[in-house]
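Below, each chain spelled out in residue letters.
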Amino acid sequence: MSSHETMQTLAEGIFWFFVLVTFCGAVLAVSARTLIRRVAGLALCFTGVAGLYYYLSSPFVAFMQMLVYVGALCVTITFAIMLAETSDANRAPRRNRLSLFLGAAASCAITAALVVQSIVAPWPETPPSQMEGTIERIGQALLSTYSMSFELISVVLVVAMVGALALARHGRDK
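Here is a short report on the structure shown in this document. (Residues numbered from 1 in each chain as written. Predicted model: local features only at pLDDT ≥ 70, side-chain atom pairs only at ≥ 80, totals over all residues. Heavy atoms only, no water.)

## Quick word on the nonpolar core
Listed in full, the eight residues of the largest apolar core are V39, A43, F46, V70, L73, C74, I81 and A160. Of all the elements in the fold, those that place two or more residues in this core are α2 (35-55) and α3 (59-84). Broken down by element, this core gets its largest block of residues, four residues, from α3. Sequence-distant contacts of F46, defined by excluding residues within four places in its chain, comprise Q65, Y69, V70, L73 and C74. (Core = buried A, V, L, I, M, F, W, Y, C linked by side-chain atoms within 4.5 Å. Buried < 20%, exposed > 50% of the residue type's maximum accessible area, 1.4 Å probe, protein only. Helix = DSSP H or I, 4+ residues; strand = E, 2+ residues; numbered from the N terminus. Contact = heavy atoms within 4.5 Å.)

Now the structure itself:
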């Protein structure tokens, strides 16, 4: 096996590791019985997504993923759970089997459509001039081309903080 093939195999292994981490975190986030384990699954899923961003040569986006979603959103949700969770909140609600089946079927259909689309659709070639990713260019892009995405991240954080405050206002005992 040549050096090039070894590097290609290693790169594919790293990619599939991040996919597995993301998938396991997502499964844990939706199937855990306690809220704190669901948040841990969400954090694991976000960490896997950050790893995928890093694998795709976007270290800044990976860092922002970790900072905004794992560092801010998951910590805020954890504080809200710690402040507001009562002994009754640890019990998972009963799940309707029909809704579970419909949710699983919809997930499979969406995943299949995305896989087919990614295989069939042509991938655009990135011009070499756009591959330079300095912090200055990223900052200019965030405040011009991608300003709506930048603002949506702010909205997500504000909603998480307001939700945490609303839960904390009632306290442990209502």
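## Thoughts on the environment of V70
Relative to the helices and strands, V70 resides in helix α3. Sequence-distant contacts of V70, defined by excluding residues within four places in its chain, comprise A43, F46, T47, Q65 and V75.

## Topic: the environment of G48
Secondary-structure assignment places G48 in helix α2. Overall, G48 belongs to the buried group, its relative accessible area being 0%. Through-space distance from the C-alpha of G48 to that of Q65 is 9.9 Å; in sequence the pair is 17 residues apart. Setting aside chain neighbours within four positions, we find G48 in contact with F18, V21 and T22.

## Structural notes on the packing of helix α1 (residues 3-31) against α2
The contact between α1 and α2 brings their axes to 7 Å, and the two run at 155°. With respect to α2, the axis of α1 lies roughly antiparallel. In the packing of α1 onto α2, the handedness of the crossing is left-handed. Considered class by class, the residues forming the contact of α1 with α2 number 17 nonpolar, five polar and three charged. (Axes fitted to C-alpha atoms, helices over the stretch in contact; angles between N-to-C directions. Parallel < 35°, antiparallel > 145°, perpendicular 65-115°, else oblique. Left-handed = near helix turned anticlockwise from the far one by under 90°. Nonpolar A, V, L, I, M, F, W, Y, C, P; charged D, E, K, R; others polar.)

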